[in-house]
Amino acid sequence: MAALGWLTPRRRSATARSVLAGEASAEAARKTALAGAGAEAGTEAPPEEPPAEPEFPVAGDDLAAAFFDLDNTVMQGAAIFHFGRGLYKREFFQRRELARFAWQQAWFRLAGVEDPEHMQDARDSALSIVKGHKVSELMAIGEEIYDEYMAERIWPGTRALAQAHLDAGQKVWLVTAAPVETATIIARRLGLTGALGTVAESVDGVYTGRLVGEPLHGPAKAEAVRALAAAEGLDLERCAAYSDSHNDIPMLSLVGHPYAINPDTKLRKHARTNDWRLRDYRTGRKAVKVGVPAAAGVGAIAGGAAAAIALHRRRK
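Residues numbered from 1 in each chain as written. Predicted model: local features only at pLDDT ≥ 70, side-chain atom pairs only at ≥ 80, totals over all residues. Heavy atoms only, no water.

Regarding unusual backbone geometry
Right, so step 1: The phi dihedral of Asn-72 falls on the positive side, at around 70 degrees, and the residue is not glycine.
Right, so step 2: Looking at Asn-72, the relative accessible area reads 3%, which means it is buried. (Buried < 20%, exposed > 50% of the residue type's maximum accessible area, 1.4 Å probe, protein only.)

Here it is, written out as structure tokens:
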């Protein structure tokens, strides 16, 4: 049973590595945002529908900002999985690793939660794959992968919420355990300010296969938001944060306007207890009950089974 240890969620508090990961992510996010400040905005047109509550965000409040989780909040599924699919297509790794990514994505969709050990296992796999490659090479490939696998998976409802903050003159940041390079690409394509993400170590523009600190998950996300807010001179009580996962309660609790988006069961309960706002852009009663996008559960099982069958046939 030890091999299945990552299936059991573990609650962790902030550690020195969490703080390091958060500060590194905040620094990387600010540098990227400043470098791209004069660049053209995202290629996607803003949504036509206004947010449901026009009184918030407050227009012109430059001491406020919005922080959005990525996986299953802004985008259906896990960014690291979609990135892995793109790398497999480009022969960065073999079928065995693809099957592993497929299983990880199936678990993510079926469980509807992000287990820290599980998510770190996925990132360890990704780190071993990119080790020795140039950062510039992976950034260029990431642009292609976004068009191939991610663009069509953006939740329109969450996108509208982000646009409302932008229209109010506020900065909007993604905050995700996905690699900061991948997160930055998504943020730029959506016209957002920038992204806080897991920082992979690189030397002379080449990945070493190690992280700076730890994955930007749970308490580390809160540390990243705290560090960025301090650097930007933001008032966290006037800021908003959005997430689907109870693992992000530390981040959501930092701000004055927390939102539970497509929430898992634990976050939904916590949000109701604390009178947080909820939004659910999924369809289907079962999806709402278990925290899975409509038809995703069946699709994940079918997709995983199909992948397993295909691999088995190829080995014959």
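A word on helix 5 (residues 135-150)
Right, so step 1: Of all the bends in helix 5, the greatest, near 30 degrees, is centred on Glu-144.
Right, so step 2: Buried within helix 5 are the following residues: Val-135, Leu-138, Ile-141, Gly-142, Ile-145, Tyr-146, Tyr-149 and Met-150. (Bend = angle between axes of the 7 residues up to and from the residue. Helix = DSSP H or I, 4+ residues; strand = E, 2+ residues; numbered from the N terminus.)

What to know about the sheet that holds strand 2 (residues 171-179)
Right, so step 1: Reading across the sheet, the 6 strands line up as 3-2-1-6-7-8 and stay open at both edges, with parallel pairing between neighbours. The open sheet terminates on both sides in strands that have one partner only, identified here as strand 3 (194-198) and strand 8 (277-279). On average, each strand axis in the sheet is tilted by 20 degrees relative to the strand beside it, whichever way the strands run.
Right, so step 2: Bridging between strand 1 (residues 65-68) and strand 6 (residues 240-243) involves 3 bridges; their strand directions are parallel. Within strand 6, the position partnered with Ala-66 by the bridge is Ala-240.
Right, so step 3: Helix 6 (residues 156-167) contacts strand 1, strand 2, strand 6, strand 7 (257-261) and strand 8 of the sheet and is inclined by roughly 160 degrees relative to strand 1.
Right, so step 4: Across the sheet, helix 8 (residues 219-232) touches strand 1, strand 2 and strand 3, and the angle it forms with strand 2 is around 145 degrees. (Pairing = 2+ DSSP bridges. Axes fitted to C-alpha atoms, helices over the stretch in contact; angles between N-to-C directions. Contact = heavy atoms within 4.5 Å.)

Points about the packing of helix 2 (residues 79-89) against helix 5
Right, so step 1: Relative to each other, helix 2 and helix 5 sit at 110 degrees, their axes nearing to 9 Å. Here helix 2 lies roughly perpendicular to helix 5, going by the angle between them. Contact with helix 2, carried on its side by Ala-79, His-82, Phe-83, Arg-85, Gly-86, Leu-87 and Lys-89, involves Leu-138, Ile-141, Gly-142, Ile-145, Glu-148, Tyr-149 and Met-150 of helix 5 and no other residues of that element.
Right, so step 2: Per-class residue counts for the contact of helix 2 with helix 5 are 8 nonpolar, 3 polar and 3 charged. (Parallel < 35°, antiparallel > 145°, perpendicular 65-115°, else oblique. Nonpolar A, V, L, I, M, F, W, Y, C, P; charged D, E, K, R; others polar.)

Some thoughts on the packing of aromatic side chains
Right, so step 1: Applying the stated criterion across every chain, the model contains 3 aromatic pairs.
Right, so step 2: Their ring planes at 20 degrees and their centres at 6.4 Å tell us that Phe-56 and Tyr-259 sit as a pair that is stacked. Residue Phe-56 is found in the loop between helix 1 (16-35) and strand 1, and its partner Tyr-259 is found in strand 7; the two are separated by 203 residues along the sequence. Accessibility assignment for this pair places Phe-56 and Tyr-259 in one class, buried.
Right, so step 3: Between Phe-68 and Tyr-242 the ring centres are 4.1 Å apart and the planes differ by 5 degrees, which places this aromatic pair in the stacked class. (Phe/Tyr/Trp six-rings, centres within 6.5 Å; stacked < 30°, edge-to-face > 60°.)

Considering the confidence of the model for the protein chain
Right, so step 1: Averaged over every residue, the pLDDT of the protein chain is 77; the share at 70 or more is 65%.
Right, so step 2: Throughout residues 1-12 the model reports pLDDT below 50, and contacts reaching past four residues in sequence, or to other chains, amount to 17 contacts.
Right, so step 3: For the stretch residues 284-316, pLDDT sits under 50, and the model shows 34 contacts to residues farther than four places along the chain or on other chains. (pLDDT = per-residue confidence, 0-100.)

Here's the deal with the pairing of strand 5 (residues 206-211)
Two faces belong to every sheet, and in a regular strand the side chains alternate between them.
Right, so step 1: The sheet contact formed by strand 4 (residues 200-203) and strand 5 spans 3 bridges and is antiparallel. Counterpart to Ala-200 in the pairing with strand 5 is Leu-211.
Right, so step 2: Between the end of strand 4 and the start of strand 5, which pair antiparallel, lie 2 residues, with Asp-204 showing a positive phi angle near 55 degrees.

Considering the pairing of strand 3
Right, so step 1: Within strand 3, 5 of the 5 residues are buried, which leaves it mostly tucked inside the rest of the structure.
Right, so step 2: Note that the unit made of strand 2, helix 7 (residues 180-189) and strand 3 has a crossover that is right-handed. (Right-handed = clockwise from strand over helix to strand, strands pointing away.)

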